[in-house]
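Chains, contacts and geometry: an overview
Single-letter residue listing:
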Amino acid sequence: MSEFADPYSERPFTLAVPDVELELLRKRLDLVRLPDELDGAAWHYGAARADVARLVAHWRGGFDWRAREAAINALPMFVRGVEVEGFGTLEVHYVHRRSGVEGAIPLLFVHGWPGSFLEARKLLPLLTAGSPEYPSFHVVAVSLPGFGFSEAPKKPGFAGPQYAEVFNKLMLALGYDEYVYQGGDWGHMIGVHAVHIYGHKHIKAWLTNLPIYRDPTLFTYPVYYLQKLALPITTRFNDRARIDYEKTKEWYKRGTGYYSEQATEPQTVGYSLADSPVGLLAWIYEKLVTWTDHYPWTDDEVLEWISVYWFSRAGPAAASRVYYEMTGGYAYEYWKGSERTSVPLGASYFPAELTRPPKQWLNMLGKVVFQSEHDRGGHFAAFEQPELLAGDLRKMFGKGGPAYGVVPGKDGYN
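Keep in mind that what you see is a predicted model, and the values were worked out from it rather than measured.

Brief notes about the overall build of the protein
Counting secondary structure elements, the protein contains 15 helices and nine strands. The C-alpha radius of gyration computed for the protein amounts to 21 Å, which stays within 12% of the reference 22 Å derived for 414 residues, consistent with globular compactness. Projected onto its principal axes, the C-alpha positions of the protein cover 60 × 55 × 45 Å. Counting every position in the protein, which comprises 414 residues, the buried fraction comes to 55%. Residue pairs in contact within the protein that sit at least 24 positions apart in sequence constitute 77% of those at least 6 positions apart. Per element, the accessible surface of the protein, about 18100 Å² overall, is 53% carbon and sulfur.

Structure below.
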């Protein structure tokens, strides 16, 4: 880029990993030293050795990164500078696919960890399609700062309000003064802040596929608090509620080790993630398997997903810091500073999601206008079940839906 170029202007982005980086990756893979494993351990102790070894062998000898790179470059990708108060200008990467429908609804899609902008890839043709039967969307899938090919913040304190500022300024720069929002994982948690700060004026409605919020207390929501105390008993009489309760309890007991590490000492684990491609692979692959609803991952899909982290602009360790920054190093909940809003809120429930509190509790977060229960799908809904998630967006924002016409002059139809 020329030194005289406007850093805030949109520029096409083409992914081109240097050959020297590919060669360095091959050398590191050649020198891999896998840990031992107990007999019969399988997946009980974490990512199974046999599966990781298979993926490493494929990464070394069969995986065609250049073919995957070309496929990624088929996406309409861009970068532009976004100034963040107190943090200077960050170059932000995003996918922006416009619909051919004149009245298409601007939609911001936000991923989480360990995801990326690639989660939106299967949604793009579904959401931008035009039909008299359902609404169409202009889709913007942003890479969180520090993830993928977005620049990372250089100093501490980049949390919910700062991510939200990036999102909103990006959408405004694209000409979308009013838009709708969809996210899961950190896309949901940060979305809570974005809606709190920019709701109504800019964010007109949103759909989450991780429908959670802070737990009720005796003083905030006494009825829900009493319901919480009674869950061990009341869930015995409802199969769905019992499954949700037991799954949530088990996840908080056994599934949050990664969270504690990244929320307290991301730099420590960062050395392994940045130095060892196999360490990075195992750290993320475990989640791809255990957080999905038996999704049939191909080895190429897994390695493409991991490669985006390995070749990311800021390096593989940067993405982990979101856990620390959003919780002040585990000092408080990531909801800090947010409040309930009256912005229309929709929720998509997938059976293999990590935690599923009672649906009524979502009223503590916002004005719930749409809820959809699915019989398949997990944490990465956009990737696992894109048709179902796209269907929920169409139902919520389409004609007859509870959020139809929420963006003035942009109802999704010609």
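Structure's up, so let's keep going.
Focus on empty space enclosed by the protein
For the structure shown, the criterion picks out three cavities of 30 Å³ or more. Reported here for the largest cavity is a volume of approximately 100 Å³. Every residue lining the largest cavity is counted, 16 residues in all, and those nearest its centre are Glu119, Gly184, Asp185, Asn209 and His379. Residue assignment for the lining of the largest cavity shows that the elements contributing at least two residues are strand S4 (105–110), strand S6 (179–183) and helix H14 (381–384). Considering only residue class, the lining of the largest cavity consists of seven nonpolar, seven polar and two charged. Its volume calculated, the second largest cavity comes out at about 40 Å³. What lines the second largest cavity is simply Val192, Val195, His196, Trp206, Glu339, Thr341, Leu345, Leu365 and Gly366.

Focus on unusual backbone geometry
With glycine set apart, most residues show a phi of negative sign, and most peptide bonds adopt trans. The amide bond that connects Trp113 to the next residue, Pro114, takes the cis arrangement and shows omega of 0 degrees. Mapped onto the elements of the fold, Pro114 is located in the loop between S4 and helix H4 (123–127). Although it is not a glycine, Ala42 adopts a positive phi angle of roughly 50 degrees. With respect to the helices and strands, Ala42 occurs in the loop between helix H1 (19–30) and helix H2 (49–61). The backbone phi angle of His200 is positive, close to 75 degrees, even though this residue is not glycine. Tracing the backbone through its elements, the reader meets His200 in the loop between helix H6 (186–198) and strand S7 (203–208).

Some details on the nonpolar core
Residues Leu108, Trp113, Phe117, Phe167, Trp186, Leu281 and Phe397 are the most contacted members of the largest nonpolar core, which totals 125 residues. Leave out the neighbours within four places in its chain, and Trp186 touches His111, Gly112, Trp113, Leu144, Gly191, Val322, Tyr323, Met326 and Tyr334.

Structural notes on H6
Here H6 contains 13 residues, and its C-alpha end-to-end distance of 17 Å stays within 8% of the 18 Å for a straight helix at 1.5 Å per residue. Within H6, 11 of the 13 residues are buried, which leaves the element mostly enclosed by the surrounding structure. The complete set of buried residues in H6 reads Trp186, Gly187, His188, Met189, Ile190, Gly191, Val192, His193, Ala194, Val195 and Tyr198. Buried-residue contacts for H6 involve S4, helix H5 (160–173), S6, S7 and helix H13 (321–327). Just downstream of H6, His200 is the residue with a positive phi angle, here 75 degrees.

Reading the values: rules and limits
Sequence order sets the numbering: in each chain, residues are counted from 1 along the sequence as written. pLDDT decides what is reported in this predicted model: residues at 70 or higher carry local features, side-chain atom pairs at 80 or more are listed and counted, and totals for whole chains, interfaces and linings draw on all residues regardless. Side-chain measures here rest on the full set of heavy atoms in the structure, leaving out hydrogens and waters. Secondary structure elements are taken from DSSP: a helix is a run of H or I of four residues or more, a strand is a run of E of two residues or more, and numbering for both begins at the N terminus. Note on method: radius of gyration uses C-alpha positions; expected globular size equals 2.2 Å times residues raised to 0.38. Here the term buried applies to any residue with accessible area under 20% of the maximum for its type, exposed to any over 50%, and partly exposed to those in between, with areas from a 1.4 Å probe on protein chains only. Two residues qualify as a contact provided that any one of their heavy atoms is within 4.5 Å of a heavy atom in the partner residue. Under the convention used here, a 1.4 Å probe and the Shrake-Rupley method define accessible areas, while residue burial counts only the protein chains that appear. Space inside and on the surface of the protein is sampled on a 1 Å grid over the protein atoms alone, with a cavity defined as a set of points where a 1.4 Å probe fits but cannot get out and a pocket as an open set with protein on both sides within 12 Å along at least 5 of 7 lines; lining residues have an atom within 4 Å of a point. Grid points are joined across faces, edges and corners, and a volume is the space filled by probe spheres set on the points. In this classification, the charged set is Asp, Glu, Lys and Arg, the nonpolar set is Ala, Val, Leu, Ile, Met, Phe, Trp, Tyr, Cys and Pro, and all remaining amino acids, among them Gly, are polar. Put simply, a nonpolar core is a bunch of buried Ala, Val, Leu, Ile, Met, Phe, Trp, Tyr and Cys residues held in one set by side-chain atoms that sit within 4.5 Å of each other. Helix span, expected: 1.5 Å multiplied by one less than the number of residues in the helix.

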